[in-house]
Amino acid sequence: MSSRKAQTLMDAAWDEPDPNRRAKIARTVLEMDLSVIDAYGVLSECVDTNAERVALLREGVLQGEKIWAQHLKPLSKNYFWQVAETRPFMQVLSHLSEALWEIGDQNGAADTVERLLRLNPQDNQGCRWRAVAWYPVLGEWPKVEKILRKYKVDTGTYMTYTKLLNCIRCGTGVDAAFEAAMGRNRHVLKALLTARDRYPGPAPDSVSRGSEEEALSYAIQNLDAWQSVPGALDWIRAPRSAR
């Protein structure tokens, strides 16, 4: 575990609004103790390239693996999220999955998300939504369907539109899936057709359920998945009577 003095300094860094000062504190923390995992996450947000970001996050994950090695095998169910001290490791691991996807290491990103879901089957971090956006791009539809079954109580926008996309792919159950998805957020189909023109940057950080912002966030993260299914975007463009 990290030293108390280093961790106390890192805790204070979260209250620092200036990212450059926050990064300076994180560097000081790592000079004191390399096992303060939060510091790697902070520094990863202040580097110039994705490659540097990945390197820092991998080092943070490595430190976490050293700290929690005796608990990784065998793994107690839900252990890593029930114990608060494990969460910096889980957060850095989550950030690493995103960074790997951004540099084009799609398989590495997907493997990392799978690891997160194994460590925390209840998925308090929402990694399943990332998984169902990425697996279609990789052609891993059995894994998509497994997640839909496992988290069937999740009837939010991300999962209902994933169900709709899978129904379009399979050619069955489309009408019911469409009604369920529209009941969650009626703005998504339009957002899928316009997302990159309207909002070429990253997805919004904060959204309300059923809002246009949520639809845009979903579309930015899932457009590649929809493009991976032949005819899916044409299905959206077609008049409803012709679907």
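Look above for the structure.
Bear in mind that the values here come from a model prediction, so they are computed numbers and not experimental data.

**With respect to the packing of aromatic side chains**
All told, the structure shown has five aromatic pairs when counted by the stated rule. Between the aromatic rings of Tyr161 and Tyr218, the centroid separation amounts to 5.7 Å while the plane-to-plane angle is 45°, which identifies the pairing as tilted. Of this pair, Tyr161 sits in helix α10 (residues 157-170) while Tyr218 sits in helix α13 (residues 212-227), placing them 57 residues apart in sequence. Residue Tyr161 is classed as buried on the basis of its relative accessible area, which comes to 0%. Through successive ring pairs, a cluster of aromatic residues spans Trp129, Tyr158, Tyr161 and Tyr218.

**Digging into the state of the cysteines**
Per the counting criterion, the structure on display carries zero disulfides. In this model Cys167 remains outside any disulfide bridge; the closest cysteine sulfur is found in Cys170, 6.8 Å from its own. Taking the relative accessible area as the measure of exposure, Cys170 reaches 42% and is therefore partly exposed.

**Section: the packing of helix α8 (residues 127-134) against α10**
Interhelical geometry of α8 versus α10 gives an angle of 25° and a closest axis separation of 10 Å. Classed by the angle they form, the pair α8 and α10 counts as roughly parallel. Seen along the crossing, α8 lies across α10 with a hand that is left-handed. Two secondary-structure elements touch here, α8 through Arg128, Trp129 and Val132 and α10 through Tyr158, Met159 and Thr162. Its residues placed into classes, the contact of α8 with α10 shows four nonpolar, one polar and one charged.

Quick notes on the rules
Residues numbered from 1 in each chain as written. Predicted model: local features only at pLDDT ≥ 70, side-chain atom pairs only at ≥ 80, totals over all residues. Heavy atoms only, no water. Phe/Tyr/Trp six-rings, centres within 6.5 Å; stacked < 30°, edge-to-face > 60°. Helix = DSSP H or I, 4+ residues; strand = E, 2+ residues; numbered from the N terminus. Buried < 20%, exposed > 50% of the residue type's maximum accessible area, 1.4 Å probe, protein only. Disulfide = S-S within 2.5 Å. Axes fitted to C-alpha atoms, helices over the stretch in contact; angles between N-to-C directions. Parallel < 35°, antiparallel > 145°, perpendicular 65-115°, else oblique. Left-handed = near helix turned anticlockwise from the far one by under 90°. Contact = heavy atoms within 4.5 Å. Nonpolar A, V, L, I, M, F, W, Y, C, P; charged D, E, K, R; others polar.

Geometry only, nothing functional implied.
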